[in-house]
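# Notes for the structure review
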Number of protein chains: 2
Amino acid sequence: MTSASNLNAESSPALGQRNLELESIDFFVRLMSMLGMPRSVGEIYGLLYFSMDSLPMDQIASRLGISIGSASQGLRTLRSLKAVRTAYVAGDRRDHYFAETEFRRLFSNFIKDEIMPHLESAKDRISKMEESLPEESSEDSAFYKVRIEKLRRLTKASGRLLPALAGLLKL
Amino acid sequence: MTSASNLNAESSPALGQRNLELESIDFFVRLMSMLGMPRSVGEIYGLLYFSMDSLPMDQIASRLGISIGSASQGLRTLRSLKAVRTAYVAGDRRDHYFAETEFRRLFSNFIKDEIMPHLESAKDRISKMEESLPEESSEDSAFYKVRIEKLRRLTKASGRLLPALAGLLKL
DNA sequence: TGCTAATTTCATTTTTTTTTGAAATAAATG
DNA sequence: CATTTATTTCAAAAAAAAATGAAATTAGCA
C-alpha cells in the first residue's frame, strides 16, 4: 500500500465532526428504516452524508464496525437507488463512494423502483377480483363492485400522486 | 385438520365471494406490509374490506386461521389507525368489527400517527447536529452547514407535504 | 355478587430478516 | 501470467419481528 493510496487517511476526525457523523448515522438509520431499508444501509448513507471525501468500501465497513459483506450489500442497494456514486481516486484501485444529496432525485428513484412496481401488480390483482364477481347482478354484487371500484381509484390516484410528489419537494 | 377447514370455519360463502376475499386479503397484506404493518394486520383488514356484515374477533381469527392473540393485537392496531370500527349487534355481547373504507381518512391518520412523530424527533436531531459544529467558521464548516441545512429543508418540506398529500387524494 | 364469555397481555416459540465471514470471483499490478 | 488486492456471493449464525396460547383481566349478565 502506497502512502498516496488514501486521500483520506483514516485519521481520527475532530470531536465535533465525529459527533456530527454519529448524529447523521442515527438520523439516516431511522429514516431508512421507515422506508423499509436495513440498518446497515442507513448507517452507510449516514456516514457518507457528512463525509468530505469519498470513502472506499473497506473504510466504510471498519468505520461503522460492520462486515465487508454488509458493506458490499448495503452499497449495492444504495447504488441501485442512485443514493451513492463512485469517484475515481488517482493511485487507488478501490472504488470510492460518496453520497448523492439531492433528495428530490433520491425520492423520485425510490418511488419509481420500490413503489411503482407494487402499484403495477396491484392493478392485476384488482382485475382478478372483478373476475371473481358472480355474473348475475344480485343486490350483493353492488356492494362488491363499489369496493372494487374504490381500490381501483386508490391505485390510480397513488400512481399519479406519488411520482408527482418528488416534483413538489421544493428543497 | 386441513388449512381449508380453518379458513372456512363458519358458513361457507359462495365461491366467488371467497375468491374475492382471498384476493382482498392478498391485496391488503401487501399494501400494509409496504407501510410496515405485520401480515396479520393486512389479513384482518382484507377480510373485513369485502365483508358485508361486521365480524366479531373470534370469527375473524378462525376465518383467517390466526390466533386470537394476533387478532386482538391486529385489531388494536387497526383501531388506533381508525381503519376499523365497531358496531353494536343486538343480542351479542361481542364487539363486531367493520372496515373503514375512506382511504383519504385512513392515510391522513396514518401520516399523523406513524410519520409525523418521526419528523418531529428528526428536528431535534438536526438541532443536535448544529451543536456539534465547531464554533469558529473554518472552510470545512461551510460544507457541514450546507448539509445540515439540506436536512432541515427536507424535514420541513416533508412536514408540510405529507399531511397535504391525503387532501390531494381525489378518490 | 358470582359466573361466564370476551378480550387483552405477555413470556415463549416460530418465522423472517439481516449480518457475518469465508470461499469464489473479478480486477489490477508487476 | 502469477500474484495480490478488492469485491461479491451465499450458506450459516445472529438478531429482530411477529405469532402463539395460556394466564390474567375485563366486562356483561343473572
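Above this text sits the structure in question.
Residues numbered from 1 in each chain as written. Chains lettered and ligands numbered in written order. Predicted model: local features only at pLDDT ≥ 70, side-chain atom pairs only at ≥ 80, totals over all residues.

### Thoughts on the overall build of chain A
Of regular secondary structure, chain A possesses six helices and three strands. If you list the helices and strands of chain A from N to C, you get α-α-β-α-α-β-β-α-α. A globule of 171 residues ought to have a C-alpha radius of gyration of about 16 Å, yet chain A, at 23 Å, is considerably larger. For chain A, the C-alpha atoms occupy an extent of roughly 80 × 30 × 25 Å along the three principal directions. Residue pairs in contact within chain A that sit at least 24 positions apart in sequence constitute 54% of those at least 6 positions apart. (Helix = DSSP H or I, 4+ residues; strand = E, 2+ residues; numbered from the N terminus. Rg over C-alpha atoms; globule rule 2.2 N^0.38 Å. Contact = placed C-beta atoms within 7 Å.)

### Remarks on helix α1 (residues 15-34) of chain A
Helix length check: α1(A), at 20 residues, gives a terminal C-alpha distance of 29 Å against a target of 28 Å (1.5 Å per residue), a fit within 8%. Taken together, the buried positions of α1(A) are occupied by Leu20(A), Glu21(A), Glu23(A), Ser24(A), Ile25(A), Phe27(A), Phe28(A), Val29(A), Leu31(A) and Met32(A). Residues of α1(A) that are buried in the fold lie against α2 (39-49) of chain A together with α6 (103-132) and α7 (139-168) of chain B. The first or second residue beyond α1(A) is Gly36(A), which carries a positive phi of 80 degrees. (Expected span 1.5 Å × (residues − 1). Buried ≥ 20, exposed ≤ 12 C-beta atoms within 10 Å, placed from the backbone.)

### A closer look at the interface of chain B and chain A
At the interface, 38 residues of chain B touch 37 residues of chain A. Elements with a minimum of two residues in the side of chain B that touches chain A: α2 (15-34), α6 and α7 of chain B. For the side of chain B that touches chain A, the element with the most residues is α7(B), which contributes 11 residues. Looking at the side of chain B that touches chain A residue by residue, the classes come out as 21 nonpolar, seven polar and 10 charged. (Nonpolar A, V, L, I, M, F, W, Y, C, P; charged D, E, K, R; others polar.)

### What about the relation of the copies chain B and chain A?
Mapping chain B onto chain A calls for a rotation angle of 180 degrees and an axial translation of 0.0 Å; the resulting RMSD is 0.1 Å. Expressed as a symmetry operation, the mapping of one chain copy onto the other fits a two-fold axis. Every residue of chain B has its C-alpha some distance from the rotation axis, and the shortest such distance is that of Gly36(B), at 3.6 Å. Mapped onto chain A, 97% of the interface residues of chain B again fall at the interface, so both copies present the same surface. (Least-squares fit on C-alpha atoms with pLDDT ≥ 70 in both.)

### Focus on the protein's contact with DNA strand D
What surrounds DNA strand D is a group of 21 residues, the closest being Gly69(A), Pro38(B), Ser40(B), Gly69(B) and Ser70(B). Within the residue set of the surface near DNA strand D, elements represented by two or more residues are α3 (57-64) and α4 (68-80) of chain A together with α3 (39-49) and α5 (68-80) of chain B. Considering every element that reaches the surface near DNA strand D, the biggest residue donor is α4(A), with five residues. For the surface near DNA strand D, the class distribution of residues is seven nonpolar, eight polar and six charged. (Near = placed C-beta within 6 Å.)

### Here's the deal with the pairing of strand β3 (residues 96-99) of chain B
Residues and elements named next belong to chain B. Every second residue of β3 is oriented toward a common face, the buried set being Tyr 97 and Ala 99 and the non-buried set His 96 and Phe 98. Direction of pairing for strand β2 (residues 84-87) relative to β3: antiparallel, over a ladder of four bridges. Within the sheet, the bridge partner assigned to Thr 86 lies in β3 and is Tyr 97. (Pairing = 2+ DSSP bridges.)

### With respect to the sheet that holds β2(B)
What the three strands build is an open sheet, ordered β1-β3-β2 (chain B); its pairing is antiparallel. Looking at strand neighbours, the two that pair on one side only are β1 (55-56) and β2 of chain B, the edges of this open sheet.

### What to know about the sheet that holds strand β1 (residues 55-56) of chain A
Residues and elements named next belong to chain A. Spatially, the three strands line up as an open sheet ordered β1-β3-β2, and their pairing is antiparallel. The open sheet is flanked by β1 and β2 (84-87), the only strands paired with a single partner. The strands that α2 touches are β1, β2 and β3 (96-99); relative to β3, the one it contacts most, it runs at about 85 degrees. (Axes fitted to C-alpha atoms, helices over the stretch in contact; angles between N-to-C directions.)

### Re the nonpolar core
Phe28(B), Ile44(B), Tyr45(B), Leu48(B), Ile60(B) and Leu78(B) are the most contacted members of the largest nonpolar core, which totals 36 residues. Contributions of two or more residues to this core are made by α5 (103-132) and α6 (139-168) of chain A together with α2, α3, α4 (57-64), α5, β3 and α6 of chain B. Looking at this core, the element that brings in the most residues is α2(B), giving seven residues. Apart from the residues lying within four places of it in its own chain, the contact partners of Ile60(B) are Ile44(B), Leu47(B), Leu55(B), Ala71(B) and Tyr97(B). Grouped together as the second largest cluster of nonpolar side chains are 35 residues, Met32(A), Met37(A), Leu78(A) and Leu81(A) included. (Core = buried A, V, L, I, M, F, W, Y, C linked by C-beta atoms within 7 Å.)

### What about the protein's contact with DNA strand C?
Residues in contact with DNA strand C amount to 20 residues; listed here are only the nearest, Pro38(A), Ser40(A), Gly69(A), Ser70(A) and Gly69(B). Taken together, the elements giving at least two residues each to the surface near DNA strand C come down to α2 and α4 of chain A together with α4 and α5 of chain B. The element contributing the most residues to the surface near DNA strand C is α5(B), with five residues. The residue inventory of the surface near DNA strand C, partitioned by class, reads six nonpolar, eight polar and six charged.

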